[in-house]
Amino acid sequence: MLKTGVRWTTQDVELFAENEGTRYEIVDGELFMSRTPHFKHQQTCGRIFGQLNIWSESTSLGEAVINPGVLFSESDNVIPDVVWATKETLALTLDEAGHLTGAPDLVVEVLSASNEDLRRDKEAKLKLYSSRGVKEYWIADWRSRKLEVYRREQSQLNLVATLFSSDNLISGLLPGFSCIVDQLFPV
């Protein structure tokens, strides 16, 4: 995170020199920088995407994608690890540049090791996704093989379940979707 007292915008980040392997995100004007994640972090993203993609293809209800740009505003510009959105949501929020400009239905973040990354995903992004209308938010921790599930209740995202390896993940947002949590994490 870059603390300068400045409110960063998407336009500011576009002026940065190309820096391979660095990911820039802005949450409420605060700039977060992170390096390419751990191999197992990326495997977890792939496994979650895989489960969502298989279900999506079988139901034709929406689409899953890894690392999309979500441009809520000039001062809220993030790159979630995985998102899923209904076809209706995509029709309303996907811009010509291929970025989402509104809330996907489901957002998944995979935790990284640093305290800054943990704070970003469990505090700053939770607050952002809650205020922007995300219906469900999953926080996956590949180290402890657990998944926290937040669902929209009374206009905000609330923790409704903490699931471990042998637990079954289901979601009212994804009718008929079912997955043992252990399947989301690499061996």
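Along each chain, residue indices are assigned from 1 in the same order as the chain's sequence is written. Thresholds applied to this predicted model are a pLDDT of at least 70 for local features of residues and 80 or more for the giving and counting of side-chain atom pairs; totals over whole chains, interfaces and linings are not thresholded and use all residues. Note that water and hydrogens are dropped before the side-chain values are worked out from all heavy atoms of the structure.

S.K.: What exactly am I supposed to notice about the packing of aromatic side chains here?
M.R.: Two descriptors summarise a pair of aromatic rings, namely the distance from one centre to the other and the angle between the planes of the rings. Ring pairs are drawn from Phe, Tyr and Trp, using the six-membered ring of Trp, whenever the two centres fall within 6.5 Å, and their geometry is named by plane angle: stacked under 30 degrees, edge-to-face over 60, tilted for the rest. Here the structure, examined in full by the defined rule, presents six aromatic pairs. Seen in terms of ring centroids, Trp55 and Phe177 are 6.3 Å apart; in terms of plane orientation they differ by 90 degrees. Their pairing is edge-to-face. With Trp55 in helix α2 (residues 39-59) and Phe177 in the loop between β11 (168-170) and β12 (178-180), this pair connects stretches of sequence that are 122 residues apart. Like Trp55, the residue Phe177 is buried in the burial classification. By the ring-pair criterion, three or more aromatic residues cluster together here, those being Trp55, Trp84, Trp138 and Phe177. We count a stretch as a helix when DSSP gives it H or I for four or more residues in a row; a strand needs E for two or more, and each element gets its number in order from the N terminus. The buried label applies to any residue whose accessible area, calculated with a 1.4 Å probe on protein chains only, is under 20% of its type's maximum; exposed applies above 50%, and partly exposed to all values in between.

S.K.: Please clarify how the sheet that holds strand β9 (residues 146-153) should be interpreted in this entry.
M.R.: Reading across the sheet, the six strands line up as β3-β6-β7-β8-β9-β10 and stay open at both edges, with mixed pairing between neighbours. Every other strand in the sheet has two partners, leaving β3 (62-66) and β10 (156-164) as the edge strands with one partner each. The average undirected angle you get between the axes of adjacent strands in this sheet is 15 degrees. Pairing between strands is defined by DSSP: at least two bridges between them are needed. In terms of strand pairing, β3 meets strand β6 (residues 82-86) through five bridges, oriented antiparallel. Across the sheet, the residue bridging to Gly62 is Thr86, located in β6. Whether two residues touch is decided by their heavy atoms; if any such pair falls within 4.5 Å, the residues are in contact. Every axis in this analysis is a line fitted to C-alpha atoms, fitted for helices over the stretch in contact. Angles between the N-to-C directions lie between 0 and 180 degrees. Across the sheet, α2 lies against β3, β6, β7 (106-110) and β8 (136-141), angled at about 170 degrees from β3, the strand it touches most. Here helix α4 (residues 115-132) sits on the sheet in contact with β7, β8, β9 and β10, set at roughly 165 degrees to β8.

S.K.: It is not clear to me how the state of the cysteines should be interpreted in this structure. Could you clarify?
M.R.: Here is the idea: a disulfide is a covalent bond, and it sits between the sulfur atoms of two cysteines. By disulfide we mean two sulfur atoms from cysteines, separated by a distance within 2.5 Å. Inspection of the entire model under this criterion finds zero disulfides. Not part of a disulfide, Cys45 finds its nearest cysteine sulfur in Cys179, a span of 14 Å. For Cys45, a relative accessible area of 5% puts it in the buried group.

S.K.: Explain the environment of Ile66 to me, please; I cannot follow it from the model alone.
M.R.: Inspection of the secondary structure puts Ile66 in strand β3. Overall, the relative accessible area of 34% leaves Ile66 in the partly exposed class. Discounting chain neighbours no more than four positions away, the residues touching Ile66 are Cys45, Gly46, Phe49, Asp81 and Val82.

S.K.: Is there a simple way to explain the nonpolar core in this structure?
M.R.: Where a protein is soluble and globular, its nonpolar side chains tend to be buried together. Counting 23 residues, the largest nonpolar core has Ile48, Leu52, Trp138, Leu147, Leu169, Leu174 and Phe177 as its most contacted members. Listing elements by their share of this core, those giving two or more residues are α2, β6, β7, β8 and β9. Aside from chain neighbours lying at most four places away, what touches Leu169 is Trp138, Leu147, Val149, Leu163, Phe177, Ser178, Cys179, Val181 and Leu184. Note on terminology: a nonpolar core comprises buried Ala, Val, Leu, Ile, Met, Phe, Trp, Tyr and Cys residues joined through side-chain atoms within 4.5 Å. Counting 21 residues, the second-largest nonpolar core is a separate cluster that includes Val70, Val83, Leu90 and Tyr129.

S.K.: Even after reading the chapter, I still don't get unusual backbone geometry, so can you show me in this structure?
M.R.: As a rule of thumb, non-glycine residues mostly have phi less than zero, and peptide bonds are mostly trans rather than cis. Not every positive phi belongs to a glycine, and Ser60 is a case in point at roughly 60 degrees. Positive phi, close to 70 degrees, is recorded for Ser155, a residue that is not glycine. Exposure remark for Ser155: the relative accessible area of 64% places this residue in the exposed category.

S.K.: Would you mind going over the environment of Asp182 with me for this structure?
M.R.: Positionally, Asp182 belongs in the segment after β12. The class of Asp182 is partly exposed, set by a relative accessible area of 33%. Considering only alpha carbons, one finds Asp182 and Tyr137, 45 residues apart in sequence, at a separation of 18 Å. Of note is the side chain of Asp182, whose polar atom sits 2.8 Å from the side chain of Arg145. We call two N or O atoms a polar contact when they sit within 3.5 Å, provided that within protein one can donate a hydrogen and the other can accept it, with sequence-adjacent residues counted only if both atoms are side-chain atoms.

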